Amino acid sequence: MFRNQYDTDVTTWSPAGRLFQVEYAMEAVKQGSAAIGLRSKTHVVLACVNKANSELSSHQKKIFKVDDHIGVAIAGLTADGRVLSRYMRSECINYNYTYESPLPVGRLVVQLADKAQVCTQRSWKRPYGVGLLVGGLDESGAHLYYNCPSGNYFEYQAFAIGSRSQAAKTYLERRFQSFTDSTREDLIKDALIATRETLQGEKLKSSICTVAVMGVGEAFHILDQDTVQKMIDAFEIVGQDEAPAAESDAAVPAEQGAPAEGGAGAGAGADAGAAPEVDVAPMDI
């Protein structure tokens with residue numbers, strides 16, 4: 001994105017009907033480290049990638065507890081996310097004090113979206129440069145919302161935000177139909193695999209990811225690193241076991257077809273030997 005005469009103020013429209021400052025805030029969300037959320041009928045799982053600015057510093061916290069039944073994962077400016085999570089905690093406390101019942105997740109998300117929208121309509125303010133995945137449980141079941149810096153909000157079965165989140169979205173889109181009936185462990189496993197998709201070859205370890213879970217009869221809490229590492233080891237071992245099995249199944253038809261090719265004559269055998277070379281290295285031509 002480049003500067004132009006219509007991006008100096010958040011309240012200035014471009015001739016194409018765009019608010020560039022709001023779009024820049026949404027771009028800040030795309031530049032942040034990935035955050036992922038999934039929900040079933042009874043549980044909500046949030047996961048994020050932890051990235052430190054240098055090897056000498058610790059990573060910044062990306063998942064925040066709002067209440068026993070609500071938690072958020074953020075991507076973008078961590079400072080903005082911290083301020084908004086504190087606002088959400090305050091709203092939950094005030095509602096609980098007034099009505100002696102937990103704040104419904106949908107109502108909190110609407111209040112958060114209204115707060116973000118105000119910043120797109122005041123010349124002395126700037127939009128919040130953070131996207132929030134809000135997960136929670138209330139009387140109507142499990143919910144997962146995405147709050148955008150523009151003031152929009154959407155409810156999802158599963159979603160990913162942040163850098164390289166498209167790879168995680170692709171995985172979630174292939175699997176989302178099974179999430180509704182997933183168990184707690186399966187939901188966490190899918191969250192970890194989706195997180196691994198955003199790393200682009202980097203090995204997934206408990207030190208570079210955070211996982212939080214809540215469910216019916218289970219308050220929101222962040223899983224400790226040892227538990228996360230055991231789950232990572234478990235599903236990576238399964239993946240390694242499945243790969244050799246697939247290779248052996250593919251080798252059996254090849255061995256069965258070998259005698260027939262040999263009986264066809266020496267010329268057929270030469271052709272059979274030359275074919276793999278053409279298939280293996282077409283890029284060298």
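Since this is a predicted model, take the numbers as computed values, not measurements.

Please explain the pattern of salt bridges as it appears in this structure.
Pairing is possible between side chains of opposite charge, provided their charged atoms come close. Scanning the entire structure with this criterion turns up seven salt bridges. A salt bridge links D68 to K65; the shortest N-O distance between them is 3.0 Å. For D68, a relative accessible area of 44% corresponds to the partly exposed category. On the basis of relative accessible area, K65 is assigned to the partly exposed category, the value being 37%. Notably, a salt bridge pairs R126 with D80, separated by 2.9 Å at the nearest N-O pair. Of this pair, R126 sits in the loop between α3 (105-118) and β5 (130-138) while D80 sits in helix α2 (residues 78-99), and the two are 46 residues apart along the sequence. On the basis of relative accessibility, which here comes to 46%, the residue R126 falls in the partly exposed class. A residue is classified by how much of its surface remains accessible, and D80, at 9% relative accessible area, is buried. Salt bridges sharing partners connect three or more residues here, namely R184, E185 and E218.

The rules we used
Residues numbered from 1 in each chain as written. Predicted model: local features only at pLDDT ≥ 70, side-chain atom pairs only at ≥ 80, totals over all residues. Heavy atoms only, no water. Salt bridge = Lys/Arg side-chain N within 4 Å of Asp/Glu carboxyl O. Buried < 20%, exposed > 50% of the residue type's maximum accessible area, 1.4 Å probe, protein only. Helix = DSSP H or I, 4+ residues; strand = E, 2+ residues; numbered from the N terminus.

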